[in-house]
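So you can see what is in the structure, the chains are spelled out below.
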There are 2 protein chains.
Amino acid sequence: MSSANKKNEIIKEITTSKETTEIEELLCPIRYLLNIFGGKWKLPIICILSGGTALRYSSIKRKLDDITNVMLSQSLKELEASGLVHREQYNEVPPRVEYTLTEKGKSILPALAQVAKWATENMETETACQTKCSECQKTV
Amino acid sequence: MSSANKKNEIIKEITTSKETTEIEELLCPIRYLLNIFGGKWKLPIICILSGGTALRYSSIKRKLDDITNVMLSQSLKELEASGLVHREQYNEVPPRVEYTLTEKGKSILPALAQVAKWATENMETETACQTKCSECQKTV
DNA sequence: CTGTATCCTTGAGGATACTG
DNA sequence: CAGTATCCTCAAGGATACAG
């Protein structure tokens, strides 16, 4: 093939590579997920609450040991606004507030378990990430 | 119940509510996931590449229309380092580089499809989030 | 105990220009 | 085309103190 031909072919490929602009079906839902689960703490909180038992504010905080009050209360509020978490307040002294997953919140758990399963299968062989998991004390 | 009794009961509850400190099995893998998929762009990139066909740098950029060069090249590099994305460079002029998912990258897709399915089912009824999805033009 | 109020730091991400 | 180099902004998140 001549140089000119090759050049033309390349140019043609570049200019015609518009790709079928078909919508990636995954992309939009994923963006939605990033909106409601994005950030550092929301997914961990969901995990903590996945056990099914109602947990107190301080109890969640303890399990997420390095979360600040600001982030915890803010994250819980946003999860509540998304309809994923239920807040039950008891008018006692000292105050007691318990958090649980709503039905909607619970409904994500099977899917979450799927990705967690993938993660578990791939964590062991991963060497690039040096983050220490504060829960299981393994360096993953 | 007397006031004193109630008080004692509350105190007892507080001090003994250590909860079984069992490890939440979900938490650690989720932290791992946040490490390799966290941030604004990595999951969207995975989605874009989920089609199976190799895509050029510029092509990915176009589909993610408002991503900057810095973020795109950086995200791709990190995904490559995690073994999820493969980079194939062709020594042509002008340069051509194509990206695909690796086998590891592909292996997350079924699980990702599960959470995306959940998202799709829940997006419609969601009113709190006002983010406009740039792909499907729906306000989700 | 369950948060709020404030102030502050850091780094993710953006804008622009430029190169091979 | 496929990125780098630079500089910059802004907001997520942290630290500390305090309140109901």
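Only a predicted model underlies this, so the values are computations on that prediction, with no experimental measurement involved.

Colleague: How do you make sense of the protein's contact with DNA strand C when you look at a structure like this?
Modeller: Taken together, 21 residues sit near DNA strand C, with S58, K77, R87 and Y99 of chain A together with K40 of chain B positioned nearest. Put simply, 71% of the atoms of DNA strand C that lie within 4 Å of the protein are in sugar or phosphate. One of the side-chain N or O atoms of R87 of chain A is found 2.5 Å from a phosphate oxygen in DNA strand C. For DNA strand C, a phosphate oxygen lies 2.9 Å from a polar atom in the backbone of K40 of chain B. Those elements that place two or more of their residues in the surface near DNA strand C are helix 4 (57-63), helix 5 (69-81) and strand 3 (96-101) of chain A together with helix 5 (69-81) of chain B. Per-class residue counts for the surface near DNA strand C are 11 nonpolar, 5 polar and 5 charged.

Colleague: Please explain unusual backbone geometry as it appears in this structure.
Modeller: Keep in mind that most residues, glycine aside, have a negative phi and that most peptide bonds are trans. Cis peptide bonds are those with omega within 30 degrees of zero, and the linkage from V93 of chain A to P94 of chain A qualifies with 0°. Examined against the element boundaries, P94 of chain A turns out to sit in the loop between strand 2 (85-90) and strand 3.

Colleague: Help me understand the sheet that holds strand 1 (residues 55-56) of chain A, please; the structure alone is not making it clear to me.
Modeller: Within a sheet, each strand pairs with its neighbour through backbone hydrogen bonds, oriented either parallel or antiparallel. Residue and element names in this part refer to chain A. With respect to topology, 3 strands assemble into an open sheet ordered 1-3-2, the strand pairing being antiparallel. For this open sheet the edge positions go to strand 1 and strand 2, each flanked by a neighbour on one side alone. Inspection of the sheet shows strand 1 paired to strand 3 by 2 bridges, in the antiparallel sense. Directly across from L55, in strand 3, lies its bridge partner Y99.

Colleague: Is there a simple way to explain the confidence of the model for chain A in this structure?
Modeller: Any residue range with low pLDDT should be treated as having predicted coordinates unsuitable for detailed reading. Residue and element names in this part refer to chain A. The share of residues in chain A with pLDDT of 70 or more is 71%, and the mean pLDDT across the chain is 80. Scored below 50 in pLDDT, residues 1-23 makes 16 contacts in the model with residues more than four places away or belonging to other chains. A low-confidence stretch, residues 126-132 (pLDDT under 50), is modelled with 15 contacts involving residues beyond four sequence positions or located in other chains.

Colleague: I tried to follow the protein's contact with DNA strand D on my own but got confused; where do I start?
Modeller: Contacts to DNA strand D come from 21 residues, most closely from K40 of chain A together with S58, K77, R87 and Y99 of chain B. One of the side-chain nitrogen or oxygen atoms of W41 of chain A is found 3.3 Å away from a phosphate oxygen of DNA strand D. One of the side-chain N or O atoms of N69 of chain B is found 3.2 Å from a base nitrogen in DNA strand D. A per-element tally of the surface near DNA strand D places helix 5 of chain B first, with 4 residues. Of the residues assigned to the surface near DNA strand D, the class counts are 11 nonpolar, 5 polar and 5 charged.

Cut-offs applied
- Residues numbered from 1 in each chain as written.
- Chains lettered and ligands numbered in written order.
- Predicted model: local features only at pLDDT ≥ 70, side-chain atom pairs only at ≥ 80, totals over all residues.
- Heavy atoms only, no water.
- Near = heavy atom within 4 Å.
- Polar contact = N/O pair within 3.5 Å; in protein donor to acceptor, adjacent residues only side chain to side chain.
- Helix = DSSP H or I, 4+ residues; strand = E, 2+ residues; numbered from the N terminus.
- Nonpolar A, V, L, I, M, F, W, Y, C, P; charged D, E, K, R; others polar.
- Pairing = 2+ DSSP bridges.
- pLDDT = per-residue confidence, 0-100.
- Contact = heavy atoms within 4.5 Å.

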